[in-house]
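Survey of secondary and tertiary structure
Read off the chains here:
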Amino acid sequence: MTEANEKKFDNIERYRDLGCAISYYRKRKGLTQEQVAEQVGISRQHMGAIEAPNMVRAISLEVLFNIATVLEIEPYLLLKFSPEK
């Protein structure tokens, strides 16, 4: 692959927005990080890292779908969320 054909992906802002969306919907539902993490089957530390704006934590679709199920929302809402900047 030549340099001209190489693609570079920078999804940092998308992961931050995703974490912000998860935090927003979690709080709206009145749940703690620990409660969501327990229901999803991940550690509270992992949940905290997903939501932390200063960290970039990639998550699997499995975890994304499970979080959306716990929050009782469609997964696309987490992906299209646009926080006020």
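Above this text is the structure in question.
Before going into details, it helps to say that this report is about the structure given with it. In this text, all values refer to a predicted model and were calculated from it rather than measured experimentally.

Structural notes on the packing of aromatic side chains
Throughout the structure, instances matching the rule amount to three aromatic pairs. Pairing tyrosine 24 with phenylalanine 81 gives two aromatic rings, centres 5.3 Å apart and planes at 35 degrees, and the pair type is tilted. Remark: phenylalanine 81 occurs in the segment after helix H5 (75-80) and tyrosine 24 occurs in helix H1 (residues 12-28); sequence separation between them is 57 residues. Looking at tyrosine 24, the relative accessible area reads 38%, which means it is partly exposed. On the accessibility criterion, phenylalanine 81 (18% relative accessible area) is buried.

Examining the pattern of salt bridges
Oppositely charged side chains may form a pair once their charged atoms are brought near each other. Here the structure, examined in full by the defined rule, presents two salt bridges. Put simply, glutamate 51 and arginine 26 hold a salt bridge, and the shortest N to O gap is 2.7 Å. One end of the pair, glutamate 51, is in helix H3 (residues 44-51); the other, arginine 26, is in helix H1, and 25 residues separate them in sequence. Classification of arginine 26 by relative accessible area gives buried; the value is 7%.

Brief notes about the nonpolar core
In terms of nonpolar packing, the biggest core is built from 21 residues, with Ile22, Ile67 and Leu78 touching the most fellow members. Those elements that place two or more of their residues in this core are H1, helix H2 (33-40), H3 and helix H4 (61-71). No other element matches H4, which puts six residues into this core. Those residues in contact with leucine 78 that sit more than four places away from it in its chain are Leu18, Ala21, Ile22, Tyr25, Leu64, Ile67, Ala68 and Ile73.

Cut-off values and rules
- Residues numbered from 1 in each chain as written.
- Predicted model: local features only at pLDDT ≥ 70, side-chain atom pairs only at ≥ 80, totals over all residues.
- Heavy atoms only, no water.
- Phe/Tyr/Trp six-rings, centres within 6.5 Å; stacked < 30°, edge-to-face > 60°.
- Helix = DSSP H or I, 4+ residues; strand = E, 2+ residues; numbered from the N terminus.
- Buried < 20%, exposed > 50% of the residue type's maximum accessible area, 1.4 Å probe, protein only.
- Salt bridge = Lys/Arg side-chain N within 4 Å of Asp/Glu carboxyl O.
- Core = buried A, V, L, I, M, F, W, Y, C linked by side-chain atoms within 4.5 Å.
- Contact = heavy atoms within 4.5 Å.

Scope: geometric values only; no functional claims are made or implied.
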